[in-house]
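Here is how the chains run, residue by residue.
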Amino acid sequence: MSVVGTTAPSADPWDNTSDDPTRRAPLVLGAADYASVTEKVAELAERRRPPRAWYIAFGVSLALTGLLGAMILYLFTTGVGVWGLNSPVGWAFDIINFVFWVGIGHAGTLISAILFLFRQSWRTGINRFAEAMTIFAVICAGLFPAIHVGRVWLIYWVFPLPNQMQVWPNFRSPLLWDVFAVSTYFTVSLLFWYMGMIPDLATLRDRATSRVRQRVYGLFAMGWRGSNRHWQNYERVYLILAALATPLVLSVHSVVSFDFAVSMVPGWHTTIFPPYFVAGAIFCGFAMVLLLAVPARQWFGLEALITLRHLENMNKIMLATGMIIGYAYFIEFFIAWYGGNVYEHFAFVNRALGPYAWSYWIMVTCNVIAPQLFWSKRIRTSPWVAWGICVFINVGMWFERFVIIVTSLSRDYLPGSWGAYKPTWVELCTLLGSFGLFFTLFLLFVRFVPMVAMAEVKAVLPQADAHASPNEPERRATGTLAVEKA
Amino acid sequence: MSSLDPTTDSGRPRSFWRSLDERADTPEFRQFVEREFPAWADEMLEPASRRRFLQLMGASMALAGMTACRWPAEPIVPFAHRPAGFVPGEPLHYATALELAGAAVGLLVTSYDGRPIKVEGNPDHAYGLGGTLAWHQAALLDLYDPDRSQHVAQREAGPASWDDFVAFARPHFDALRAVRGSRLAVLADASSSPSRADMRARFTAAFPDARWYEYEPLSRDNAREGARLAFGRPQRTHVALDRAETILSLDEDFLLHHPAAVRYARDFVLGRDPDGATFSRLWVVETSPSLTGSVADRRIAIPNRAIQAFATCVLAKLVHEAGADLPAALDGLGPVLDAARRHPMYGRVDADLVLDLAGKAGRTVVLAGPRLPAETHALVHALNATLGNVGRTVTYTAEPDPDRPSHAQAIRDLARDMGRNFVDTLVLVGGNPVYDAPADLGFGDLLARVKTSIRLGAYEDETSRVCTWHVPRAHIFESWGDARDFGGTVCLIQPLIEPLHGGRTDLDLLAQLLGEAPFAAYEIVRRTFARGAAEPDPRAWHEALRVGVVAGTAWPEAGPTIGTAGWSKRLRAALDAPAYPEPGSYELVFGPDASVIDGRFANNGWLQELADPLTKLTWDNAVIVAPATAAEMGVRHGDVVRVTRSGTSVELPVFVLPGQAPRTVGATLGYGRTRAGRVGSGAGFDVYPLRVGDDTAWADVRVEPTGRTYRLATTQDHFAIDTLGAQERAERAVTLVREVELEAWRHDPQHAMPGEHAVAPVELWKPHEYPDERWGMAIDLNACTGCGACVVACQAENNIPIVGKAEVARGREMHWIRIDRYFAGAPDAPEIVHQPVTCHHCENAPCEQVCPVGATVHDAEGLNVMVYNRCIGTRYCNNNCPYKVRRFNWFNNQKHQSDLEVMIYNPDVTVRSRGVMEKCTFCLQRIQSVRIQARNEQVRGENGRAAGRLIRDGEIVPACAQACPTRAIDFGDLNDPESRVHRKHASPRAYRMLAEFNVRPRTAYLARVRNRGGHPEGAA
């Protein structure tokens, strides 16, 4: 993809959001060339000492991770009773957090795989970032089903391990499907992320100034020399992995939704769940990417690579997916009324008007009303305003899972067994700790790994286009603001 | 070496030694002791200090008890069901009895290798018929209660031994005998035991000047006195509820708080067979909602003080309006009945009630509860006489011990004597008067002033604390004894186990005080049994022990003549009293608690965690307030209120319960114990301080909010419900708990059932086949009274843990069977339904499909079984269970069990670990044991070869079904068309809860039949 020549460049050279159909908006801004891109991105991973802010953020995140560890230790030594669960509410924060984090992960895969297949080159600026987020989110997600069981020391029984008793897991259980779906998802995401990173790791290896860095990056670069054959194999495998990962974007959250849809709990047992969950996952995943990208591009001076146009595109996706889930909320109510099942009918009335109505209206406000602001281009292109909306969206999506899980379970069939749920401090600390784990991993990522896919960004630079337009040198000349300046 | 040989050492008495070094007492050994046991060096090397010695003795006595757990030590212990030889590990069943409220219910106790683990009803006992109530089941837990007192104690010196006590008691009582027992008194709990009566007679003979008092805080003395008024002598009333067409219960909770409750519940249900000829209509007039009130067809809620006037008006209406003939002996009541016409209650007497009672001579029953004054009881005798019931549905037997003062009088007399320092030696046999005597007596202070007080008690409780001597009382399952049931038949009590803590029975103690020792309970019971003969007839004795009852000892029916002398005037005077409390005050009605009764079971965790049948409250009591009254007071559920009666106030939380009479509040006794033990101390609120003077039934109180709130732990409606939820609950309840009107049922049973027509379930694939047995359950809601016996029976049978108040409040109670209670109708006149819910063993079990590890599966007979070993605890199964009958072990609930407590476990049932889901198994272990027995009983098969016989219908009885006093639960083979359960499944009354989801439950409910009659929307 190349930048089509233009006659009317925007007044602000950093604003590439104009939708002039006669020219393609540039994907990289500033006077970027191969060297400057490498310099800019690699330098961030090569700094001897990261800025003080990194240390502070890392310290806080690590402390929260420690809190998570302490909570898990307490849980393991004492029992699941340290959480506020009961009968009938057998799941709450554990599965809410699981679904929340799995959902977060989806945007990364969507960006890296589906947008790749659809040749959306704008993805190159954010895909590394988003994929890393996916991996870390799935790590956080996988943690919760593992620790939520009563006898955690036997959790390996969910895997179909050959054994002398010839006892197998129950293949009819959606929880088992979860095990397969999430573990597959994690494996493919990790492979995809790592595979795409090999050329960049080789760059870091080549630029290494110390023996240790050279060895470590060298090990992970797996002997990449950038030969034609390497590139050819690389491109082919990348395409295959993208093709493999694409169905996972749809399947993983569909399977997660089966945990609910396949059961017979009123409020869970609805066929709309798979598409609704996938849309919700992409919705909150993009919100999380933006949540991370906005500060990162500013603090690390990546405005030229993660441009306003990237942010705007993501906001548009959030607007679209937000509308989908808004529709889903509506259609759930419609079907509950139209279906004539009194239990389902009550489950939904109870959501909106029952004891947990507050959580329902938080969810609606954050997920349906807040993204409507993205109709305004001004808001779409104001990174920090969008960032604020993304915070709302993530809160809203967490509450969506709360609403689905807790309100449905608390009042199912027999009124004699109705109950209520209140989290304990252990659950709140565990949730907080999972954010600590996520940010710890993310901060390590931005410290040691190139956070923008250098090799891929270079491919969308004008220079990479053999058929560069004659305007190109001129444009390059006008780009007076050097990347370095930021 | 010879000096080290103990056998040759003749210089010292024979002693045991642990090592040669110890024996030689070498310096090396002394050094070793000091190094290894520095803290104990003194005791081990020097003569033991007295204190240390007592501690060690106490500990070793506890251990000595353990060694006795292996085998019952009494020489003669015949079996109720005799196995072929004694097989260790094979459970044995012994007949014994438990006496509550002065009447016994026969029990069969299952014992494993000398370890009693389960109580069941004795089917050979006429007042149990195999059923029990929750208390009988839970009595077992007390046996293994580590808080039970474990040694004799003296107030100053602390722990002592029985020998110390004997050394004190022998000279002390010898001296008392010399002065004819003057300044000696005995305060005993009520007992129907013939042996105890005999010992009392001997005691009185030996100490002629001694006083003997009996006291129970909740007694039926008003009924005795009422009969004395009516007949000139105390008579006990017996009713035939199975033959009655109309039952009018005036504040009588005959299904729960009655000495014959087990039998009466059964009779009541027998009289309500929807397929039978008669189906009784139950009218209940009461103040606080009771279990009996909850199953009433028509219930009238009025203040307790107005019930007598109501009853007078019933009789007046019968005579004046329905043409009933007042017997000549009752002519004295004429003026009263005339006056009653002008009483405001006259209008409250429903015309339907009069119609139901009139003209049915011998087919109605009127009962009066123990709270009502003696005149009301006399009036009820008059009512039954007028209705022609006497000799038919109502019979009388002479009360034993007719001349004893009432309990209220006895405790008052004793307190007076103590206050005048007339009592130097007081023997307290059981009871807990410091806690439960009328508060104005100041019994605790008086008792502390008595020079010598000897307390025989199971716990070192409030009373023992102020006594000079405490002697541990043997548990009923450790005791020899006897007791009479409500009809007078003697039940033998035999021990299942040696006393774990060296406890003594009341007979042992009295024998000791009389100087008869070592003559003890066993010999005393045999002596009583022999009735004057030197030795009991061995065959009769063995037979009585085996069956548990002594045939031919029932009291003969008495034919007392009724009169009105002395009480008709009082009845007339009572009519002038106001029917409602003065404005600003409320009538507080005291009642026995469904769990702890009067406080005696306060330390019993099973009972504390058993939900009250109506409030579903656990671990607490509360002041029961009707919704309208609560609004009037300006209080809400859970608010703490100050209840004041003439200067004394008690603060306790409000429980808003529909059905409490207007202008009244209710409270149960037995809570707020301070020295009950680790379980019961501090649970609930003590309302005894408000129970002063002679008004033990009710008191006028003021109720003020304190502004504080209190967390009440209920097993249902764990949290206050919103309007939306309440509305939905009311709508659902009628489809979940179905009822039919008797009229509709009689008209056309096939179409009487409400509810939708079931859609034929679609099977996507071929269902599993169960060619052999297909177990199923049927629960007859028409028979269930909601008493809760099944809940405790299940807990005992299946090793179900107690989780405590905080966990119940979180919704984590572990009961495998629960009784859901729903209200219908207006909050001021609610109709109440009870529905036992346990695992339905669905054919299409939703739990099985979702378990990731397959820990819950169907077995070959279609039972939904839980494989504890395989469970990893995802809780998905419970989320997906529409009946919410699964229970999760949130913690290691068995962790803090002492060696003593674990003895209660049923060895046939796995004790579940932390993190495992559990639920009802249909008592799989019982199915299995019957199956093994059937297979071993060889019969000739079809092909001439020997094979095991088939399991007979009714042979397998799950614990819940066994305990049920009304046999509401049936279990059996659905493949057998002749089985009871199959027939019940086929009944037109049968329905399956939530059947529309095609889970195909194995449990069918049989709809409850209402017999409201008249206008069906209920009265009052």
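Residues numbered from 1 in each chain as written. Chains lettered and ligands numbered in written order. Predicted model: local features only at pLDDT ≥ 70, side-chain atom pairs only at ≥ 80, totals over all residues.

Novice: Looking at this model, I keep getting lost on the overall build of chain B. Mind explaining?
Specialist: Of the regular secondary structure elements, chain B holds 34 helices and 42 strands. Burial analysis of chain B (1020 residues in total) assigns 55% to the buried set. In chain B, once contacts between residues fewer than 6 apart in sequence are set aside, the share between residues at least 24 apart is 74%. (Helix = DSSP H or I, 4+ residues; strand = E, 2+ residues; numbered from the N terminus. Buried ≥ 20, exposed ≤ 12 C-beta atoms within 10 Å, placed from the backbone. Contact = placed C-beta atoms within 7 Å.)

Novice: What is the right way to look at helix H10 (residues 342-353) of chain A in this model?
Specialist: Each α-helix winds once per 3.6 residues, and so residues spaced three or four apart point in a common direction. The first and last C-alpha atoms of H10(A) sit 16 Å apart over twelve residues, in line with the 16 Å expected at 1.5 Å per residue. Of the residues making up H10(A), those classed as buried are A:Tyr343, A:Glu344, A:Phe346, A:Ala347, A:Phe348, A:Asn350 and A:Arg351. In this structure, the buried side of H10(A) is in contact with helix H9 (308-339), helix H11 (357-369) and helix H13 (383-410) of chain A together with helix H26 (723-736) of chain B. (Expected span 1.5 Å × (residues − 1).)

Novice: In this structure, what is going on with the confidence of the model for chain A? I would like to understand it.
Specialist: A low pLDDT means the predicted coordinates there should not be read in detail. The predicted model of chain A averages 85 in pLDDT, with 89% of residues at 70 or higher. Contacts from residues 472-486 of chain A, a stretch scored under 50 in pLDDT, to residues over four places away or in other chains number 19 contacts. (pLDDT = per-residue confidence, 0-100.)

Novice: Any chance you could explain the packing of helix H4 (residues 127-148) of chain A against helix H5 (residues 174-207) of chain A here in plain terms?
Specialist: A pair of packed helices can be characterised by two numbers: the angle between their axes and the separation between those axes. Residue and element names in this part refer to chain A. Their axes nearest at 10 Å, the elements H4 and H5 cross at an angle of 155°. When the axis of H4 is compared with that of H5, the two are roughly antiparallel. The two elements H4 and H5 meet at a crossing, and its hand is left-handed. Taking contact as the criterion, the partners of Glu-131, Ala-132, Thr-134, Ile-135, Val-138, Ala-141, Gly-142 and Pro-145 in H4 are, on H5, Asp-178, Val-182, Tyr-185, Phe-186, Ser-189, Leu-190, Phe-192 and Trp-193. A breakdown of the residues in the contact of H4 with H5 according to their chemical character gives eleven nonpolar, three polar and two charged. (Axes fitted to C-alpha atoms, helices over the stretch in contact; angles between N-to-C directions. Parallel < 35°, antiparallel > 145°, perpendicular 65-115°, else oblique. Left-handed = near helix turned anticlockwise from the far one by under 90°. Nonpolar A, V, L, I, M, F, W, Y, C, P; charged D, E, K, R; others polar.)

Novice: Whenever I open this one, the sheet that holds strand E16 (residues 469-472) of chain B confuses me. Can you help?
Specialist: Adjacent strands of a sheet form backbone hydrogen bonds with each other and so pair up, either parallel or antiparallel. Residue and element names in this part refer to chain B. The sheet built from seven strands is open, its strands ordered E5-E4-E16-E15-E14-E6-E7 with mixed pairing. This sheet does not close on itself; its edge strands, each paired only once, are strand E5 (158-160) and strand E7 (211-214). The sheet shows a mean angle of 20° between the axes of neighbouring strands, taken without regard to direction. With two bridges joining them, strand E4 (residues 152-154) and E16 adopt antiparallel strand pairing. In the sheet register, Ala-153 faces E16, and the bridge partner there is His-470. Sheet contacts for helix H6 (residues 162-178): E4, E5, strand E6 (184-188), strand E14 (425-429), strand E15 (452-457) and E16; angle to E4, the most-contacted strand, approximately 65°. Here helix H16 (residues 407-419) sits on the sheet in contact with E6 and E7, set at roughly 135° to E7. (Pairing = 2+ DSSP bridges.)

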